[in-house]
Amino acid sequence: MLLDVQDLRVDRIVTGPQGEPVPEPALAGVNFRIVKGRILGLVGEHAAGKSLAASAILGLLRPSARLVGGRALFEGQDLLRMSESDLTRVRGARIGFVVQSGHATLDPNSRVGAQLVRAQSIHRPIVKAEAAWRAETIMSSMGIPEPRLRAQAWPHELTPGIVQRVVLGLALINEPQLLIADEPTAGLDITTQVQILDLLHLELRRRRIGGIIITRDLGVVAQYCDDIAVMYAGQVVEQGPVMQVFARPAHPFTRSMISDAPERLGIAGRQIVPPRMEPEQGCSYRPRCADATERCLVAPPLVGAGVHAARCHFARIAAA
Ligand SMILES: Nc1ncnc2c1ncn2[C@@H]1O[C@H](COP(=O)(O)OP(=O)(O)OP(=O)(O)O)[C@@H](O)[C@H]1O
Ligand code: SF4
Ligand SMILES: [Mg+2]
């Protein structure tokens, strides 16, 4: 197991009526697993908590959020309990991370080649000439033409597609075992999106590294991922192999997502903000669930058979 996230819980700190800080559950039980060399699609509506989960795992929570509990075992080591200095050694080296607005990753005041060199030298001592050669090599494998020339460019001189290729190169240059890509094609035109996703998929397979692709687009999951984890209102409500979940979705939200796609989750689709979680109300999907009964006033556990599991009292999951 490369990464095993168990019952990850995070509170968001909001301001109460008297101006006092009030914790409110933002992640209320996120569970998913990534097996070496496999790609997981973490999917869900706007504000479901996908980016928050990735940030929590990587120790990148803003002060407006607080880790409450859970485990994130990366090759057996709990990332949530690592010291900041140990985590700094993991982040950007053993785990590559592409943030949701990837272009913001690049320093506008530094040439892209220099940024790729710096990404290596902060993690290990490396001779400058070798780092520069590796920077050009990764640019070339990211499909950037004339890498030596482009290494001298400033970020603003590059097209959005090339910028995103550099961002991917930055995430891969230290040969991570796991790459987390949060909406890696946001803001790009459709043709460039396909090119970037093809490239990401190819590189993950070629390097045999595990990947998490965070997306709102089920088509991306179907095409590029082996496993899926479906998030709703701060919880993973269903997870399993893509083929199995698409063929026999066990959670009503997954079923509605599949039948509505791409209108609800597609790139240009309508965004629905899930209701704030009220734990005392039982299942968080109850207000929208056509199958809800009295029993759903009690929060359902994650139940499953083998690798396929769902958080619903009435989920019937056949063993694969
Ligand atoms: N790094 C972070 N630190 C603190 N709070 C965060 C962080 N990232 C997201 N949040 C907050 O977590 C809540 C859930 O939002 P999140 O960004 O995780 O949704 P999402 O599922 O990624 O949605 P989208 O598809 O729109 O990107 C929001 O209130 C958001 O402001
Ligand atoms: S537990 Fe009840 S409300 Fe929740 S998804 Fe299942 S049927 Fe719907
Ligand atoms: Mg997000």
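Above this text sits the structure in question.
Residues numbered from 1 in each chain as written. Chains lettered and ligands numbered in written order. Predicted model: local features only at pLDDT ≥ 70, side-chain atom pairs only at ≥ 80, totals over all residues. Heavy atoms only, no water.

Go over the packing of helix 6 (residues 160–172) against helix 7 (residues 190–207), please, and point to the residues and values.
Running from amino to carboxyl end, helix 6 crosses helix 7 at an angle of 20°, the nearest separation of the two axes being 10 Å. Classified by the angle their axes make, helix 6 and helix 7 are roughly parallel. Between helix 6 and helix 7 lies a crossing whose hand is right-handed. Mapping the contact onto sequence places Gly161, Gln164, Arg165, Leu168 and Leu172 in helix 6 and Thr192, Gln195, Ile196, Leu199, Leu200, Glu203 and Arg207 in helix 7. (Axes fitted to C-alpha atoms, helices over the stretch in contact; angles between N-to-C directions. Helix = DSSP H or I, 4+ residues; strand = E, 2+ residues; numbered from the N terminus. Parallel < 35°, antiparallel > 145°, perpendicular 65-115°, else oblique. Left-handed = near helix turned anticlockwise from the far one by under 90°. Contact = heavy atoms within 4.5 Å.)

I'd like a rundown of the coordination of the magnesium ion (ligand 3), residues and numbers included.
Protein coordination of the magnesium ion (ligand 3) is provided by Ser51 (OG) and Gln100 (OE1), with donor distances spanning 2.0 to 2.3 Å. Note that Ser51 is positioned in helix 1 (residues 50–57) and Gln100 in the loop between strand 6 (95–98) and helix 3 (112–121), a separation of 49 residues in sequence. Under the relative-accessibility criterion, Ser51 is labelled partly exposed at 25%. (Donors = N, O, S within 2.8 Å, 3.2 Å for Na, K, Ca; no water. Buried < 20%, exposed > 50% of the residue type's maximum accessible area, 1.4 Å probe, protein only.)

Outline the sheet that holds strand 1 (residues 3–15), listing residues and values.
The strand order 2-1-4-5 describes an open sheet built from four strands, whose pairing is antiparallel. Each end of this open sheet is capped by a strand with a single partner; those strands are strand 2 (21–34) and strand 5 (77–78). (Pairing = 2+ DSSP bridges.)

Account for the site of ligand 2, naming residues and giving values.
The full set close to ligand 2 counts 13 residues, and Cys283, Cys289, Cys296, Cys312 and Phe314 are the nearest of them. Residue composition of the shell around ligand 2, grouped by class: nine nonpolar, two polar and two charged. (Near = heavy atom within 4 Å. Nonpolar A, V, L, I, M, F, W, Y, C, P; charged D, E, K, R; others polar.)

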